[in-house]
Amino acid sequence: GDALEYITIVGAMAQPESISEKCRDVVLTAELVKGTGKPTRCWVRNGATARYLLEIYRTIAGGEAALRAHPMVEAFLEPISPLQLPKDGLDIVREFAWAGQPVSIGPMAMTAGTAPGTLAGTLAQENAEILAGVVVTQLLAPGTPVTYGGIPHIMDPQTGICSFGSPEQGLMAVAMVQIARSYGFPVYVNVGLTDAKLPDAQAGVEKAATLLMGVLAGADMFGHCGICGTDHAGSLLWLAFDDELMSYVRRMARGFVVDGEHLATDVVRSVGPAGNFLAEEHTVRHFREAIWTPSAVWTRQPYDLWQSDGAGSFADRLQRRVERVLETHKVKPLDDAMVREIDRIVASASRELG
């Protein structure tokens, strides 16, 4: 996560059973802040562990006032559909809000399961659950910044399980962005996901289509990268897949400029019929901004060169990239005194929480 350019928030991708769940999120948070200079996220167990997590972030920020002035982490409240707010979730929100940190509210209402069997009905219920969370958050700490987490899904009628890659996922994400914007909230949606178990054609279609819809709708954040299937697993290969996909989609979202300089009519006239533009100063000035250059994971080679290079798949090249990152990437280390303080907090949590 630290090495991949388009992964901008690094989260814990697993729940290691070797660490007691009573303090697991504290341990994971400590490892995350030691392992990257990017913002970090971790599933928080309850209000008790939240206090230790916040202590870690205060250590990184330089104290309580510094963390309030420049928030580093966001609580996540997941209402339980239909129409419930979890006690542990509210305890977490209270601790984060009192510490001056923002709160993201995102129920995972499931069409035809934990929400009505229509998309409009699901969105209406999801919105009500989010607004209930907003009200409670503002009662606990007026003025707490809130992210509107519109993350509904459908229940697949053939299997009875939640679907992450359906076309409805993209449709509801666009609607959630529009609803959130009507209130003036920043918005987080679940797009760029897939029900596929391998990085195959299904994965490419589902991830690209829904991510592009969310991005073009104007969402601020999306999650979660590195997931294989419907929360079935996580892997570094999938994380690298998402990094490449985001690079591709960001280029599409950037669009292109249309003005006198970019229309280049003078250059076309100067080159004239049967010429070429390779050596033109205008080309040198603009082609890097105009044309997305893919990493070595992508192939644009002629067939014979691709074949002589091993005839590998996208997944094969992704795996090689992951291996290179693990072999060569060095994380910028934290100050030794800061590491010792973080370790002290973790040890204290382990003692106190069991």
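Data block above holds the structure.
A brief report on the enclosed structure follows. Model, not experiment: these values are computed from the prediction.

What follows covers the sheet that holds strand 5 (residues 110-111). The strand order 5-7-8 describes an open sheet built from three strands, whose pairing is mixed. Looking along the sheet, the strands with just one partner apiece sit at the ends: strand 5 and strand 8 (162-163). With two bridges joining them, strand 5 and strand 7 (residues 153-155) adopt parallel strand pairing. The residue of strand 7 that forms the bridge with Thr 111 is Ile 154. Here helix 6 (residues 167-183) sits on the sheet in contact with strand 5, strand 7 and strand 8, set at roughly 145° to strand 7.

Tallied over the full model, the rule gives twelve aromatic pairs. Ring geometry for Trp 292 against Trp 298: centres 5.2 Å apart, planes inclined by 90°, an arrangement best described as edge-to-face. The exposure class of Trp 298 is partly exposed, given its relative accessible area of 24%. By the ring-pair criterion, three or more aromatic residues cluster together here, those being Trp 238, Phe 241, Tyr 248, Trp 292, Trp 298 and Phe 314.

On the basis of which strands lie adjacent, the open sheet formed by five strands has the order 3-4-6-9-10 and parallel pairing. Each of the sheet's edge strands pairs with one partner strand only, and the pair in question is strand 3 (75-77) and strand 10 (221-222). With three bridges connecting them, strand 6 (residues 146-150) and strand 9 (residues 187-189) associate as parallel partners. When the sheet's bridge partners are listed, Gly 149 is paired in strand 9 with Tyr 188. The sheet strands contacting helix 4 (residues 87-98) are strand 3 and strand 4 (103-105), and the helix crosses strand 3 at an angle near 150°. Contacting strand 6 and strand 9, helix 6 crosses the sheet at an angle of about 170° to strand 9.

This part takes up the nonpolar core. Of all hydrophobic cores here, the largest spans 51 residues; its most connected members are Val 26, Ile 56, Phe 96, Ile 105, Tyr 148 and Val 189. Residues Ala 203, Leu 237, Trp 238 and Leu 318 belong to the second largest nonpolar core, which totals ten residues.

Turning our attention to the pairing of strand 6. Burial of strand 6 is extensive: five of the five residues sit out of reach of the surface. Going residue by residue along strand 6, you find Val 146, Tyr 148 and Gly 150 tucked away on one face and Thr 147 and Gly 149 tucked away on the opposite face as well. Of the pairings in the sheet, the one linking strand 4 to strand 6 comprises three bridges and is parallel in character. Residue pairing across strands places Ser 104 opposite Thr 147, the latter belonging to strand 6.

Turning our eyes to something else, we now look at helix 14 (residues 336-353). A rise of 1.5 Å per residue sets the reference length of helix 14, with its 18 residues, at 26 Å; its end C-alpha atoms lie 26 Å apart and thus fit the reference within 8%. Among the residues of helix 14, those classed as buried are Ile 342, Ile 345, Val 346, Ser 348 and Ala 349. Along the axis of helix 14, the buried positions cluster into a sector of 160°, meaning they face one direction only. Of the exposed residues in helix 14, the ones pointing more than 90 degrees away from its buried face are Asp 336, Arg 340 and Arg 351. Where the residues of helix 14 are buried, they touch helix 1 (24-35) and helix 2 (47-61). N-capping of helix 14 is provided by Asp 335, with a side-chain oxygen placed 2.9 Å from the backbone N of Ala 337. Where helix 14 ends, the next residue or the one after it, Gly 354, has phi of about 105°, a positive value.

Reading the values: rules and limits
Residues numbered from 1 in each chain as written. Predicted model: local features only at pLDDT ≥ 70, side-chain atom pairs only at ≥ 80, totals over all residues. Heavy atoms only, no water. Pairing = 2+ DSSP bridges. Helix = DSSP H or I, 4+ residues; strand = E, 2+ residues; numbered from the N terminus. Contact = heavy atoms within 4.5 Å. Axes fitted to C-alpha atoms, helices over the stretch in contact; angles between N-to-C directions. Phe/Tyr/Trp six-rings, centres within 6.5 Å; stacked < 30°, edge-to-face > 60°. Buried < 20%, exposed > 50% of the residue type's maximum accessible area, 1.4 Å probe, protein only. Core = buried A, V, L, I, M, F, W, Y, C linked by side-chain atoms within 4.5 Å. Expected span 1.5 Å × (residues − 1). Arc of directions from axis to C-beta. Polar contact = N/O pair within 3.5 Å; in protein donor to acceptor, adjacent residues only side chain to side chain.

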